[in-house]
Amino acid sequence: MTEEQSNRDRYKHLLALVWELLGVAIVLLIGWGLLSSVFATVSEKREVMEAARKKAESARETPAVPVVVKVLSTTTVVDEINLPGRIEAIREVSVSTEVKGKVVAIEVVDGQAVKKGQIVVRLDDMDYRIALSDAKARLKLAAETLRSTRELVKSRVETKYEMDKAQSTYDQAAAAVSRAKLEVERCIVRSPIEGVVNDVIPDLGEFVAAETSVAMVLDVEKLKVEIGIPEKDVHDIRSVKECEVTIDAVNGGMKVMGKVIYLSHKPASDALVYLLRLEIDNKERILRPGMFGRARIIKAKRENSVVAPLFAIMAIRDDHVAYVIDGPVEAGSLTTVKKRQVELGTMTGRSVEVTKGLKAGDYLIVVGQRSVAEGTKVRVMRTVRKMSGLKR
């Protein structure tokens, strides 16, 4: 094989290799084009699907929450407590004997009104009258002895010592007469106060000892109401002068004013309850000891306070929040919710005083508040200024 023939063969081989590589390149280019087309199609479909997904999600968005709002205003807040109390007589006196004896007469009955000094019970005074007569006789003798001794002293028959002795005997006899008279008088037992007899204790003919209670007399023209004040409220009621007392047992709830006459300086029990005593008039004697009353004690009044419905305030852990919107708004308007952290004061019925976080003129959500949060889209269905507007 000549060199020329060898070169020709090499050229053919190289040309065949080039064509082979060119075919591969063409195939690769065609494949790349196909892949690019496929990728483009997939990407386009992905974009279409993403757009469809977003559209579907947009279609599934939660609709605006329907709410009702209340325009807040200021009012006077009365900080008060209502506590039960027992009504008692302002004075309750036990009528007691001062001497012993048999009951021979009972001059009063249970429930009878008596004056001061009126007879309640009579005791047998026969023995005391005999003792009085004996004491009078001894006094008469002592007086005669004293007179005779004075004459003898003047005549210097008796000494001054004998006259002093006679004088002492006379004084003792006079004291015995006074004591005997007093014992006779004490056989008549009288009421020490004006009031009503609550209980006559002995029976007729019964023998009673000295210092025995024979009746209870109550002064009921003025009554007292005793109320237990919790420790946390004592400081706030120190300046209270009077309060209203309601007695449910009389006329469906009789109301009277009670004047504060005493507030204890130490608790009346281990429960740290302090005694507050009120005085009430009962000149018509409608009220009776033993009845129960409810005292309405006003601790403070605060003007221009913001009050919100209690149910519109949400408790979240240890905080309280309220949800408001910017107003004014027309019915049907769309808006978003704002959350306010609030501080509370006195509860009055179904409302509560808001000391911080809300102000007069705020639009507070009062219906739908449990379904919203900060930024929630809402539709205002109605705006009210009074809670009675919710009933329409």
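So, here's what we can say about the structure.

Conventions adopted
Residues numbered from 1 in each chain as written. Predicted model: local features only at pLDDT ≥ 70, side-chain atom pairs only at ≥ 80, totals over all residues. Heavy atoms only, no water. Helix = DSSP H or I, 4+ residues; strand = E, 2+ residues; numbered from the N terminus. Buried < 20%, exposed > 50% of the residue type's maximum accessible area, 1.4 Å probe, protein only. Contact = heavy atoms within 4.5 Å. Areas by Shrake-Rupley, 256 points an atom, 1.4 Å probe, with all protein chains shown as cover. Expected span 1.5 Å × (residues − 1). Axes fitted to C-alpha atoms, helices over the stretch in contact; angles between N-to-C directions. Parallel < 35°, antiparallel > 145°, perpendicular 65-115°, else oblique. Left-handed = near helix turned anticlockwise from the far one by under 90°. Nonpolar A, V, L, I, M, F, W, Y, C, P; charged D, E, K, R; others polar. Pairing = 2+ DSSP bridges. Salt bridge = Lys/Arg side-chain N within 4 Å of Asp/Glu carboxyl O.

### A word on the overall build of the protein chain
Piece 1. Broken down by element type, the protein chain carries four helices and 20 strands.
Piece 2. Here the protein chain holds 392 residues, and 30% of them are scored as buried.
Piece 3. By sequence separation, contacts in the protein chain at least 24 residues apart represent 74% of the contacts at least 6 residues apart.
Piece 4. About 25,600 Å² of surface is accessible on the protein chain, with carbon and sulfur atoms providing 53% of the total.

### Overview of the side chain of Thr-335
Piece 1. With respect to the element layout, Thr-335 can be found in strand β16 (residues 334–336).
Piece 2. Every residue in contact with Thr-335, bar those within four places of it in the chain, is listed here: Ile-325, Thr-376, Lys-377, Val-378 and Val-380.

### Looking at the environment of Leu-132
Piece 1. For Leu-132, the location among the structural elements is in helix α2 (residues 126–154).
Piece 2. You can call Leu-132 buried: its relative accessible area is 10%.
Piece 3. Contact partners of Leu-132, with chain neighbours within four places excluded, come to Val-177, Ala-180, Lys-181 and Val-184.

### Looking at α2
Piece 1. Over its 29 residues, α2 extends 43 Å from the first C-alpha to the last, a length consistent with the 42 Å expected when each residue adds 1.5 Å.
Piece 2. Its buried side turned inward, α2 meets α3 (160–185).
Piece 3. Arg-156 lies just past α2 and shows a positive phi near 60°.

### Focus: the packing of α2 against α3
Piece 1. Viewed as axis vectors pointing N to C, α2 and α3 meet at an angle of 160°, and their least axial separation amounts to 8 Å. Between α2 and α3, the angle falls in the class roughly antiparallel. Pair α2 / α3 crosses with left-handed handedness.
Piece 2. Classifying every residue of the contact of α2 with α3 gives 18 nonpolar, four polar and seven charged.

### A look at the pairing of strand β10 (residues 242–247)
Piece 1. Relative to strand β11 (residues 254–263), β10 runs antiparallel, the two sharing six bridges. The partner of Val-245 across the bridge, within β11, is Val-256.
Piece 2. In this structure, the hairpin formed by β10 and β11 is closed by a connection of six residues, where Asn-251 is found at a positive phi of approximately 55°.

### Topic: the pattern of salt bridges
Piece 1. Tallied over the full model, the rule gives 24 salt bridges.
Piece 2. One salt bridge in this structure joins Lys-299 and Asp-79, with 4.0 Å as the shortest N-O distance. Placement of the pair is Lys-299 in strand β13 (residues 292–309) and Asp-79 in strand β2 (residues 74–96), with a sequence separation of 220 residues.
Piece 3. With a closest N to O distance of 3.0 Å, Arg-294 and Asp-248 form a salt bridge. Separated by 46 residues along the polypeptide, Arg-294 in strand β13 and Asp-248 in the loop between β10 and β11 bring together distant segments of the chain.
Piece 4. A relative accessible area of 38% places Arg-294 in the partly exposed class.
Piece 5. A single network of salt bridges, built from pairs that share partners, joins Asp-79, Lys-232, Asp-233, Asp-236 and Lys-299.

### Some points on unusual backbone geometry
Piece 1. The step from Gly-327 to Pro-328 runs through a cis peptide bond, and the omega angle for that step is 5°.
Piece 2. Along the polypeptide, Pro-328 turns up in the loop between β15 (319–325) and β16.
Piece 3. With a phi angle near 55°, Asn-251 is a residue other than glycine that sits in the positive phi range.
Piece 4. With respect to the element layout, Asn-251 can be found in the loop between β10 and β11.
Piece 5. Positive phi is not limited to glycine here, since Arg-285 has a value of about 55°.
Piece 6. Residue classification places Arg-285 among the partly exposed positions, given a relative accessible area of 29%.

### Some words on the sheet that holds strand β6 (residues 188–190)
Piece 1. In space, the four strands of this open sheet follow the order β6-β5-β3-β8, with antiparallel pairing throughout. A single partner strand is all that each edge strand has here, and the edge strands are β6 and β8 (207–208).
Piece 2. Pairing of strand β5 (residues 119–123) with β6 involves three bridges; the strand directions are antiparallel. Within β6, the residue paired with Arg-122 across the bridge is Ile-188.

### Brief notes about the environment of Val-260
Piece 1. Assignment of secondary structure puts Val-260 in strand β11.
Piece 2. Here Val-260 falls in the partly exposed class, since its relative accessible area comes to 22%.
Piece 3. Sequence separation between Val-260 and Ser-239 is 21 residues, and the spatial gap between their C-alpha atoms is 9.7 Å.
Piece 4. With sequence-adjacent residues up to four places away left out, Val-260 is seen in contact with Val-240, Lys-241, Glu-242, Leu-276, Arg-277 and Leu-278.

### Details of α3
Piece 1. In a regular helix each residue adds 1.5 Å, so 26 residues correspond to 38 Å; α3 covers 38 Å between its end C-alpha atoms and thus fits that length.
Piece 2. Of all the positions in α3, only Ala-166, Ala-173, Val-177, Ala-180 and Val-184 are classed as buried.

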